[in-house]
Amino acid sequence: MSTEGKCAVCLVEAAQQCAGCKAVFYCGREHQKQHWGRHRFECRPIKVAEDPVQGRYLVATKNISQGDLIFTDSPLLIGPKMVSSPICLGCHQPASVDCPCPGCGWPLCGPECANAPQHQAECKLMKDKGFRADIKDGSKPLSEYACIVPLRYSLLPEEKIKKVKSLQSHLETRRVTPLYTVLRNNVVGFLAMRLQVEVTEDDILGVCGVMDTNAYEIRRNGGVKLRGLYPLASLMNHDCVPNTRHVFDRDDKMLVFATVDISKGSPVTSTYTHALWSTHQRRAHLRATKCFECRCVRCSDPAELGTYLGAILCSKCAGKGKVLSTAPLDDAAPWQCNNCQAQMTAKQIVWGNQALQKELEQVDKNGPQQLEAFLERYKAILHPTNGHALQAKLALTQIYGNVPGFLLKDLNDDQVERKLSLTHDLLDAVSVLEPGSSRTRAQLQLELQAAMVLQAKLDMESERITRERAEEILGDAVELLKEASEVLKTEPDMEGKLQEKLMILMQQLELDETANERNADSAVDEELALEDMIENLQTEPLIVKPRKPMRRNM
Ligand SMILES: C[S@@+](CC[C@H](N)C(=O)[O-])C[C@H]1O[C@@H](n2cnc3c(N)ncnc32)[C@H](O)[C@@H]1O
């Protein structure tokens with residue numbers, strides 16, 4: 001972060017910074033005092049700090065409470081992923097190859113997007129150079145899109161180019177990889193030779209490196225995935241137990257919220273990897289994609305904070321012990337049973353993990369059968385909270401109650417019980433690994449409340465529980481729904497539906513109570529009120545689509 005700028009009041013060169021956010025400069029105390037009336041509303045509770053190993057990172061300048069909006073950030077650069085299905089360069093919605101831009105030939109969503117402001121400069125440049133994209137097959141992802149973000153970078157004003165260049169790229173490490181050889185041949189060749197853009201090879205590979213190191217994936221309705229570069233959010237370092245979550249609004253502005261209380265002086269972190277991957281998988285992924293060795297508290301602990309996410313059951317002592325790494329930060333260290341001390345080599349573990357991950361990726365996730373078979377097949381090997389088992393369980397919680405043939409109304413007693421136990425297993429681990437108001441936890445709470453309500457309904461119908469007990473369970477379900485709504489209400493795809501549902505439920509709960517007080521004999525009214533609540537708690541279209549919790553893309 002720069003140590004000099006212009007005074008926010010009189011615009012002369014100034015070196016005195018706001019101590020709170022370090023983002024605003026003053027020529028002296030007088031102007032700082034004068035500006036505070038306005039600045040206090042925008043002064044962020046974070047500043048940029050620096051560490052010899054981790055580089056720059058964001059740190060809290062005051063205590064931040066769970067749920068607080070920490071900062072918002074607008075994209076410096078945004079565009080399609082390197083390999084993308086046809087996407088409209090005007091509005092970033094899905095595009096059709098049958099609707100090429102009249103100027104440059106790239107697919108649009110409709111003719112009006114040919115004039116979209118975002119597309120003007122790039123379209124004119126390609127047209128002026130006589131280039132016309134010729135995309136005929138939109139049925140599969142296209143690598144042609146890899147040139148769009150570097151092209152947009154080359155068209156940025158100087159001040160923004162400087163900002164992009166100030167971000168980390170790991171270019172020297174990336175330069176020798178096969179991907180960057182392809183980029184050198186294709187993207188550099190296209191921009192420098194074909195479009196004659198005045199940028200060097202290092203500029204182009206540099207921006208690719210900056211995107212690969214810092215860009216966030218933005219998922220839009222309709223399956224579109226974009227990459228966005230956010231200058232402040234880029235400075236959030238990684239932790240395998242992050243303390244923030246983020247959402248994007250409809251204008252692609254990023255909003256970063258605290259998922260737990262963050263005390264003054266603590267780093268403000270996000271995750272660049274998958275919470276349900278074990279330490280070896282996460283560290284290998286971070287090394288390959290982000291060029292660093294993670295040494296966070298979770299990675300350093302063989303038991304992964306008591307979740308045993310990497311644990312396998314010992315075959316030498318009939319599953320009595322858990323086999324764990326003897327030194328998780330050393331990939332070559334042996335693994336050892338915590339009961340009989342039998343050892344396995346790191347190679348055996350890595351090979352097993354890779355085979356299991358591959359198998360899990362190939363399992364059909366449209367129904368529960370293959371996932372259940374996977375869990376059954378490996379139940380003597382995988383600890384119940386092993387990451388592979390949890391990934392299969394997560395997929396199952398999304399299937400039971402949500403997919404045709406397994407909608408809530410179709411589930412039998414055993415399937416409801418299964419959904420409940422799977423969700424509890426997941427919530428136990430996720431509450432440690434993505435604690436507080438994380439999106440994954442809120443999604444699981446939503447699944448849990450649906451299963452609780454359904455079970456209460458089935459139990460009441462078959463007289464296994466009393467009405468009073470059913471009411472208690474519904475009350476607990478409403479609490480879960482309230483907690484999940486607080487988190488998910490900020491998700492653009494929820495469009496306030498959860499809040500609406502919650503309001504109706506709260507009204508019903510109150511009505512139900514008043515009805516009880518008014519006329520304890522009126523069993524029919526009471527029955528109806530309870531039925532209505534069950535109905536409302538079970539509305540299916542509210543279910544949030546599962547999102548792969550990958551923070552940054554490649
Ligand atoms: C998005 S940038 C974060 C800002 C970066 N530290 C900087 O100075 O620009 C990601 C890079 O920061 C570094 N980094 C992030 N989290 C780290 C961590 N937990 N340990 C070590 N390095 C980390 C790595 O070099 C990584 O590729």
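Everything numeric in this text was worked out from a predicted model, so none of it was measured.

A. Focus on the overall build of the protein. Per the secondary structure count, the protein includes 17 helices and 20 strands. When each of the 554 residues of the protein is scored for burial, the buried share is 53%. Partitioning the intrachain contacts of the protein with sequence separation of at least 6 by distance along the chain shows that 63% fall at a separation of at least 24. Of the roughly 26400 Å² that the protein leaves accessible, carbon and sulfur atoms contribute 53%.

B. Region of the structure containing the sheet that holds strand 7 (residues 69–73). With respect to topology, 3 strands assemble into an open sheet ordered 7-15-14, the strand pairing being antiparallel. Only two strands of the sheet have a single neighbouring strand rather than two, namely strand 7 and strand 14 (244–248). Shown here is a sheet whose adjacent strand axes are inclined to one another by a mean of 20 degrees, direction ignored. Judged from the 4 bridges that link them, strand 7 and strand 15 (residues 254–258) form a sheet pairing that is antiparallel. The partner of threonine 72 across the bridge, within strand 15, is leucine 255.

C. Broad picture of the pairing of strand 15. Among the 5 residues in strand 15, 5 count as buried, and that is most of the element. Burial of strand 15 is two-sided: the residues Met254, Val256 and Ala258 facing one way and the residues Leu255 and Phe257 facing the other way are all buried. Pairing geometry for strand 14 and strand 15, over 5 bridges, is antiparallel. Within strand 15, the position partnered with threonine 244 by the bridge is alanine 258. Taking the residues that link successive antiparallel strands as the turn, the strand 14-strand 15 hairpin has 5 residues, and the phi of aspartate 252 there is positive, at about 65 degrees.

D. Spatial organisation of empty space enclosed by the protein. On inspection of all chains with the given rule, the structure shows 5 cavities of 30 Å³ or more. One number sums up the size of the second largest cavity: a volume of about 150 Å³. Surrounding the second largest cavity, 15 residues form its lining, Thr279, His280, Ser325, Pro328 and Trp335 being those nearest its centre. Across the lining of the second largest cavity, the residue classes tally to 6 nonpolar, 5 polar and 4 charged.

E. Quick peek at the packing of aromatic side chains. Applying the stated criterion to the full structure yields 7 aromatic pairs. Where tyrosine 272 meets phenylalanine 292, the ring centres are 6.1 Å apart and the plane angle is 85 degrees; that geometry is what we call edge-to-face. On the criterion of sequence distance, the pair formed by tyrosine 272 in the loop between strand 16 (269–270) and helix 8 (279–290) and phenylalanine 292 in the loop between helix 8 and helix 9 (297–300) is long-range, its members being 20 residues apart. Accessibility expressed as a relative area gives 25% for phenylalanine 292, which makes it partly exposed. Relative to phenylalanine 406, the ring of tyrosine 400 lies with its centre 6.2 Å away and its plane at 75 degrees, an arrangement referred to as edge-to-face. In this structure an aromatic cluster arises from ring pairing among Tyr216, Tyr230 and Phe248.

F. Inspection of the site of the ligand at higher detail. Surrounding the ligand, one finds 16 residues, the nearest of these being Gln54, Arg56, His170, His238 and Lys290. Residue glutamine 54 places a main-chain N or O atom 2.8 Å away from a nitrogen atom belonging to the ligand. The side chain of glutamine 168 places a nitrogen or oxygen atom 3.4 Å from an oxygen atom of the ligand. For the ligand, whose accessible area on its own is 560 Å², the fraction buried by protein is 95%. Contributing elements (two or more residues each) for the shell around the ligand: strand 6 (55–60), helix 7 (201–214) and strand 13 (237–238). Class assignment for the residues of the shell around the ligand results in 4 nonpolar, 9 polar and 3 charged.

G. Spatial organisation of the packing of helix 12 (residues 387–399) against helix 13 (residues 413–433). The contact between helix 12 and helix 13 brings their axes to 9 Å, and the two run at 130 degrees. Classed by the angle they form, the pair helix 12 and helix 13 counts as oblique. Relative to helix 13, helix 12 is oriented so that their crossing is left-handed. Here Leu390, Lys393, Leu394, Leu396 and Thr397 of helix 12 come into contact with helix 13, specifically with Arg418, Lys419, Leu422, Thr423, Asp425, Leu426 and Ala429. The residue makeup of the contact of helix 12 with helix 13, split by class, is 6 nonpolar, 2 polar and 4 charged.

H. Just the nonpolar core, in detail. In this structure, Leu58, Phe71, Leu77, Trp106, Leu195 and Val268 are the most contacted members of the largest nonpolar core, which totals 73 residues. Ignoring anything within four residues of it in the chain, the contact list for tryptophan 106 reads Leu89, Cys99, Pro100, Cys101, Met126, Phe131, Ala133, Ile135, Glu144, Tyr145, Cys147 and Ile148. Membership of the second largest hydrophobic core comes to 30 residues, among which are Trp335, Leu375, Ile399 and Leu411.

I. Spatial organisation of the pattern of salt bridges. Scanning the entire structure with this criterion turns up 32 salt bridges. Between glutamate 217 and arginine 219 there is a salt bridge whose closest N-O contact spans 2.5 Å. Among the ionic pairs, aspartate 331 bridges to arginine 283, the shortest N-O distance being 3.6 Å. With a gap of 48 residues between them, aspartate 331 in the loop between strand 18 (322–325) and strand 19 (335–337) and arginine 283 in helix 8 connect regions that are remote in the sequence. With a relative accessible area of 27%, aspartate 331 lands in the partly exposed category.

Conventions used here
- Residues numbered from 1 in each chain as written.
- Predicted model: local features only at pLDDT ≥ 70, side-chain atom pairs only at ≥ 80, totals over all residues.
- Heavy atoms only, no water.
- Helix = DSSP H or I, 4+ residues; strand = E, 2+ residues; numbered from the N terminus.
- Buried < 20%, exposed > 50% of the residue type's maximum accessible area, 1.4 Å probe, protein only.
- Contact = heavy atoms within 4.5 Å.
- Areas by Shrake-Rupley, 256 points an atom, 1.4 Å probe, with all protein chains shown as cover.
- Pairing = 2+ DSSP bridges.
- Axes fitted to C-alpha atoms, helices over the stretch in contact; angles between N-to-C directions.
- 1 Å grid on protein atoms, 1.4 Å probe; cavity = no way out; pocket = protein on both sides within 12 Å on 5 of 7 lines; lining within 4 Å.
- Points joined across faces, edges and corners; volume = space filled by probe spheres on them.
- Nonpolar A, V, L, I, M, F, W, Y, C, P; charged D, E, K, R; others polar.
- Phe/Tyr/Trp six-rings, centres within 6.5 Å; stacked < 30°, edge-to-face > 60°.
- Near = heavy atom within 4 Å.
- Polar contact = N/O pair within 3.5 Å; in protein donor to acceptor, adjacent residues only side chain to side chain.
- Parallel < 35°, antiparallel > 145°, perpendicular 65-115°, else oblique.
- Left-handed = near helix turned anticlockwise from the far one by under 90°.
- Core = buried A, V, L, I, M, F, W, Y, C linked by side-chain atoms within 4.5 Å.
- Salt bridge = Lys/Arg side-chain N within 4 Å of Asp/Glu carboxyl O.

All we've got here are geometric facts, nothing functional implied.
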